[in-house]
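Here's the letter readout for the chains.
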Amino acid sequence: MSKVVVVTSGKGGVGKTTTSASFATGLAMRGHKTAVIDFDVGLRNLDLIMGCERRVVYDFVNVINGEASLKQALIRDKAHDNLFILPASQTRDKDAFTTEGVGKVIDELRESFDYIVCDSPAGIEKGAMMALYYADEALIVTNPEVSSVRDSDRILGILSAKSKRAEEGLEPIKEHLVVTRYSASRVATGEMLSIEDIQELLGINLIAVIPESGAVLQASNAGVPVVRDEVSNSGQAYQDLISRFLGEELPMRFLDSEKKGFLKRLFGT
């Protein structure tokens, strides 16, 4: 049975699209046929991070409006035959979304895919509401700062009240917390909230801590999801996220500051 997973948070710039790309890619790497949809109409960044921006011909809105078939709009990932991207439109606005139109596309994807990952835009406007409406599970992405956590708390309220599952009185959306751009050293100096603080404020299951890392930006610029970087801490953390999502029990890594060796301390590198 297929699952729809929304990647969401109230605040912009927390790493939703990075997480969507790595989450979808990681599922495909584990053998699951996966589609990832960009709901950010007007901006469209997912295709850049996935490295397929030059292959976009038709988009999500074209499919909703009947201007192209789903098969025409889906872009197969270069590295994984079982991963497909449905890009957003850069020329329409979010009013192009309708509940019925989005639902029809989701239903068609359910027929062929194990997982449908919905990359939500920031905020609580129409695109974000459409991204979460049909979700079975949710990754709540937050940074370890008060404003980000507060906005994520608002999204949790919307998930429990305005999703299709909530409207129909079904089992609630299963929520998972992903903390991105985490720096143990900055937590120690009081510049960032601790994982315990975030969990206390949000009260949902922690599935991954993604450490602050230059590898994320490098991967994004290269059009390669960072989950494919098996060397960097951030790539390994996203791989851990996939393992936990698929039911494996793993200890949480990257919560402590890296202890610098003598040469690093001496030269400050």
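Preceding block: the structure.
Residues numbered from 1 in each chain as written. Predicted model: local features only at pLDDT ≥ 70, side-chain atom pairs only at ≥ 80, totals over all residues. Heavy atoms only, no water.

> Could you clarify how one ought to interpret the overall build of the protein in this entry?
Looking only at helices and strands, one finds 13 helices and eight strands in the protein. Its C-alpha atoms give the protein a radius of gyration of 18 Å, within 12% of the compact-globule value 18 Å for 269 residues. Across its three principal axes, the protein shows a C-alpha extent of roughly 65 × 40 × 35 Å. Here the protein holds 269 residues, and 54% of them are scored as buried. Pairs at least 24 residues apart make up 74% of the contacts formed inside the protein by residues separated by at least 6 positions. Of the roughly 12700 Å² of accessible surface on the protein, a fraction of 48% belongs to carbon and sulfur atoms. The positive charge centre, built from 31 side chains, and the negative charge centre, built from 38, are 4 Å apart in the protein. (Helix = DSSP H or I, 4+ residues; strand = E, 2+ residues; numbered from the N terminus. Rg over C-alpha atoms; globule rule 2.2 N^0.38 Å. Buried < 20%, exposed > 50% of the residue type's maximum accessible area, 1.4 Å probe, protein only. Contact = heavy atoms within 4.5 Å. Areas by Shrake-Rupley, 256 points an atom, 1.4 Å probe, with all protein chains shown as cover. Lys, Arg positive; Asp, Glu negative; His and termini not counted. Charge placed at Lys NZ, Arg CZ, Asp CG, Glu CD.)

> Just checking my understanding: could you explain unusual backbone geometry for this structure?
With the exception of glycine, most residues fall at negative phi, and the peptide bonds are largely trans. With phi around 55 degrees, Arg-181 is a residue other than glycine that occupies positive phi space. With a phi close to 65 degrees, Phe-254 is a non-glycine residue in the positive phi region. Tracing the sequence through the fold places Phe-254 in the loop between helix H12 (233–245) and helix H13 (262–267). Here Phe-254 falls in the buried class, since its relative accessible area comes to 18%.

> Looking at this structure, how should I read the side chain of Asp-136?
Mapped onto the elements, Asp-136 comes out in the loop between helix H6 (126–133) and strand S6 (137–142). Look at Asp-136 and you get buried, because its relative accessible area is 13%. Only 3.1 Å separates the side chain of Asp-136 from the side chain of Arg-110, close enough to count as a polar contact. Setting aside anything within four residues of it in sequence, one finds Asp-136 in contact with Ser-2, Lys-3, Val-4, Arg-110, Arg-165, Ile-173 and Lys-174. (Polar contact = N/O pair within 3.5 Å; in protein donor to acceptor, adjacent residues only side chain to side chain.)

> Could you clarify how one ought to interpret the pairing of strand S5 (residues 115–119) in this entry?
Each regular strand displays side chains that alternate between the two surfaces of the sheet. The buried fraction of S5 is high, at five of five residues. Side chains Tyr-115, Val-117 and Asp-119 project from S5 onto one buried face, and the interleaved Ile-116 and Cys-118 project onto a second face that is buried too. Two strands pair when backbone bridges link them, and strand S1 (residues 3–8) and S5 are joined in this way by five bridges, in the parallel orientation. In the strand pairing of S5, Val-7 is matched with Asp-119. (Pairing = 2+ DSSP bridges.)

> Which parts of the structure should I look at to understand the sheet that holds strand S4 (residues 83–86)?
Two pairing modes exist for strands in a sheet, parallel and antiparallel, and in both the strands are linked by backbone hydrogen bonds. Taken in spatial order, the eight strands make up an open sheet running S3-S4-S2-S5-S1-S6-S7-S8, and their pairing is mixed. Two strands lie at the open edges of the sheet, namely strand S3 (75–76) and strand S8 (205–211), each paired on one side alone. Examined bridge by bridge, S1 and S6 share four bridges and lie parallel to one another. Counted as the bridge partner of Val-5 is Glu-137 from S6. Strands S6, strand S7 (174–182) and S8 of the sheet are contacted by helix H10 (residues 195–202), whose axis makes an angle of about 150 degrees with S7. (Axes fitted to C-alpha atoms, helices over the stretch in contact; angles between N-to-C directions.)

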